[in-house]
Amino acid sequence: MTGFRADPSALALLLALAAMPALAQQPIQLVPPPQPLGQPAASPAASPQQPSQRLQDFYGGPVQSGGQLSPVDNAAIGIVETVASGLPGDMWRGTDRGAAIQLLDAMPGAPRSRILRDLQFRLLTTIANPPLGANPPGQDFVATRIGKLSDMGEIEAVGQMTQAAGPMSGDAAQRLNIENQLIAGDAKAACNTPMTQGSSDPFWTKLMIVCHVIAGQNAQAMLNVDLLRERGVADTGFFVAVDYALGTRSTKPPANIGTDTLSQALLRASNPKAGGTLGNETTPAQLRQIAANVAAPLAQRIEAAERGEALGVIDPRQLLELYQAGADAPGLSPQAKRRAQAVRDAVRAGDVGDKVKAMQAAFRAAEGSALFTTMARVLGEQLVKIYPEHKTAPMAADTARAMLALNDFPRAVEWYYTVAGGATIDPQYEAPTVQLWPVLQLADNVGSIPWEPGFMAKWQAQNARHPRAAQRAAVLAALLPALGEPVDRAEFNPAPATGFAAPPQQALARLAQSAQQGRVAAAVALAAQAAGETPLTQLAPATLSGIVQALRQIGLQDVARRFAVEVVLAHAL
């Protein structure tokens, strides 16, 4: 994918502090009457009147707002036309509304596959005929779609979808609106939004506590904390956040502060320099906030931006700027410093030879931290300016793989033949040629590089020296046949390998059935579920094969190939 996200505004992250004087001047309404949800939350990077730049970049041009089409069924709303998304208008055919809501709700919030994530994004934002039937009690098809976008950190798309949907009422819709405002850094708007009364959900009491703390009404905040504890609410992470906000303002917050929206809102309002903690539970939205927080240490912002870019919520150009600013900053890990300095050197280099060396150093530093594809996107604008020649031949293999990561297959082929041509006169290019060949086969759906019997045997002999040889061979043995490539099992039939996550048998069975029945939306949702938030290098061969075959069966052959390439690049092929 070559489209990038628009930069989030750093100023939005400081609105929580700016809101404190205004909140202190007026009492907070604790239980006002509920009102229908109307306006979307303020977006830090896109006007709610226009499709976000994130969408225009992803789809390669302007997109249509679903709100302009006035669909008969409000559940049909979206912000992307079916022609742009590549999904059919009847993609929910064969799935009733209750089942559709369950499928959407079970999709991951932070998928590790950028390709499946973008497919999931299309599923959630495309204008399409909705599933048949009524919303089950207490559930809403549109609100579920918007909620999943919020989980994914798609702040701009949440605002766009909310506007397209028009007024939505109910506890879930009201909560979604408030959480989106908090994610966008607008605590003032969240605290001024009417709160649901009479709900048993502790979220509303927690929100009142957050608003009391921000307004300096500490006694009222503690009364509500006591109320929560009397009701048996056990949320250590939130209570730690309250204690931190009411007590010390040390630079380093406790490690056990909650990663939920409310706890993080308290953290940002109390100490923007703390930035937040980067644990396994840090959400995509929080990574965006930390990366854009100009008050946070550069080392922390770079770490958040690297993780966020890999998850698809950070513009690689934003990470590029952070690398350049932080190349000599204190506090970076040795690995991050190597990446930052190599990127800075690659951008500054005027001589082609120096640029090649810097880019090679950047790719080696990135690959060691499973960030090769991230580095390809960061250096993408530099890479497309370099052409195959004698001076650039040393980086030909890296560039071919980088072009595959950028979904630029024609350039990848050019660089592959540069490597293959070099192998005829220089033995140092023989190994890269053999390693690249199966990767190009996975990407090639037009026969640009003919299948050559015996090549997989060469690859297997070379791969035997790799520390993860068994896993890499097992992955290729699953992906090549799943894409219909003519693999000769007599030539290449590696033994099963360990070290993978257990295949989700139930999800894979449902995925295969949905694909066979042509239920496109259900198959897309189940493919996302099957991959989940498991790192790509841990997805079992059976899981990979099931996902690829299902995507091909529902007509998404290009997505299937891009996913396969993404997986093998993660395995450093």
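What counts as what
- Residues numbered from 1 in each chain as written.
- Predicted model: local features only at pLDDT ≥ 70, side-chain atom pairs only at ≥ 80, totals over all residues.
- Heavy atoms only, no water.
- pLDDT = per-residue confidence, 0-100.
- Contact = heavy atoms within 4.5 Å.
- Disulfide = S-S within 2.5 Å.
- Helix = DSSP H or I, 4+ residues; strand = E, 2+ residues; numbered from the N terminus.
- Buried < 20%, exposed > 50% of the residue type's maximum accessible area, 1.4 Å probe, protein only.
- Expected span 1.5 Å × (residues − 1).
- Arc of directions from axis to C-beta.
- Axes fitted to C-alpha atoms, helices over the stretch in contact; angles between N-to-C directions.
- Parallel < 35°, antiparallel > 145°, perpendicular 65-115°, else oblique.
- Nonpolar A, V, L, I, M, F, W, Y, C, P; charged D, E, K, R; others polar.
- Phe/Tyr/Trp six-rings, centres within 6.5 Å; stacked < 30°, edge-to-face > 60°.
- Left-handed = near helix turned anticlockwise from the far one by under 90°.

Colleague: What is the right way to read the confidence of the model for the protein chain from this model?
Modeller: Fine structural detail should not be taken from predicted coordinates in areas where pLDDT scores are low. Of all residues in the protein chain, 84% have pLDDT values of 70 or greater, and the mean over the chain is 83. Overall, residues 1-72 carries pLDDT values under 50, and its contacts beyond four positions in sequence, including any with other chains, amount to 170 contacts.

Colleague: What is the right way to read the state of the cysteines from this model?
Modeller: Between two cysteines, a covalent bond joining their sulfur atoms is known as a disulfide. On inspection of all chains with the given rule, the structure shows one disulfide. A sulfur-sulfur separation of 2.1 Å characterises the disulfide bridge that pairs cysteine 191 with cysteine 211. The S-S bond linking cysteine 191 to cysteine 211 shows a torsion near -95 degrees; that makes this disulfide left-handed. Residue cysteine 191 is located in helix α9 (residues 187-192), and its partner cysteine 211 is located in helix α10 (residues 203-214); the two are separated by 20 residues in the primary sequence. One exposure class covers both cysteine 191 and cysteine 211, and it is buried.

Colleague: For this particular structure, what's the right way to read unusual backbone geometry?
Modeller: Most peptide bonds take the trans configuration, and most residues that are not glycine carry a negative phi. The backbone phi angle of asparagine 407 is positive, close to 60 degrees, even though this residue is not glycine. Position of asparagine 407 among the secondary structure elements: in the loop between α21 (396-405) and α22 (409-423). Phi angles above zero are rare outside glycine, and alanine 572 is one such case at about 65 degrees. Structurally, alanine 572 is set in the segment after α29 (557-570).

Colleague: What am I meant to see in helix α26 (residues 505-516) here?
Modeller: Residues three or four positions apart in an α-helix share a direction because the helix packs 3.6 residues into each turn. The terminal C-alpha atoms of α26, which comprises twelve residues, lie 17 Å apart, in line with the 16 Å expected from a rise of 1.5 Å per residue. Where α26 is concerned, the buried positions are Ala507, Leu508, Leu511, Ser514 and Ala515. Buried residues of α26 fall within an arc of 130 degrees about the axis and therefore sit on the same side. Opposite the buried face of α26, at more than 90 degrees from it, the exposed residues are Gln505, Gln506 and Gln516.

Colleague: Sorry if this is basic, but what is going on with the packing of α10 against helix α12 (residues 236-246) here?
Modeller: Any two packed helices are characterised by the angle at which their axes cross and by the distance between the axes. It is at 11 Å that the axes of α10 and α12 come closest, and there the two elements cross at 10 degrees. As judged from the angle between their axes, α10 and α12 are roughly parallel. Between α10 and α12, the contacting residues are Lys206, Ile209, Val210 and Val213 on the first element and Phe238, Val242, Ala245 and Leu246 on the second. Class assignment of the residues belonging to the contact of α10 with α12 gives a composition of seven nonpolar, no polar and one charged.

Colleague: Sorry if this is basic, but what is going on with the packing of aromatic side chains here?
Modeller: Aromatic rings considered in pairs are described by the distance between their centres and by the relative angle of their planes. Inspection of the entire model under this criterion finds eight aromatic pairs. Measuring from centroid to centroid gives 5.3 Å for tyrosine 416 and tyrosine 417, while their planes differ by 65 degrees, and the two rings are edge-to-face. Overall, tyrosine 417 belongs to the partly exposed group, its relative accessible area being 41%. Taking the centre distance of 6.0 Å and the plane angle of 90 degrees together, the rings of tryptophan 459 and phenylalanine 492 count as edge-to-face.

Colleague: How should I be thinking about the packing of helix α11 (residues 218-230) against α12 in this particular structure?
Modeller: Look at α11 against α12: their axes get within 12 Å of each other, and the N-to-C directions meet at 160 degrees. The angle between the axes of α11 and α12 places the two elements in the roughly antiparallel class. Judged by the sense of rotation from one axis to the other, the crossing of α11 with α12 is left-handed. Two secondary-structure elements touch here, α11 through Asn218, Met222, Val225, Leu228 and Arg229 and α12 through Phe238, Phe239, Val242 and Leu246. Residues that form the contact of α11 with α12 fall into these classes: seven nonpolar, one polar and one charged.

Colleague: In this structure, what is going on with the environment of leucine 483? I would like to understand it.
Modeller: If you trace the backbone, leucine 483 turns up in the loop between α25 (469-482) and α26. Distance from leucine 483 to glutamine 557, taken between C-alpha atoms, is 8.4 Å for residues 74 residues apart in sequence. Setting aside anything within four residues of it in sequence, one finds leucine 483 in contact with Leu442, Val548, Arg552, Ala560, Arg561 and Ala564.

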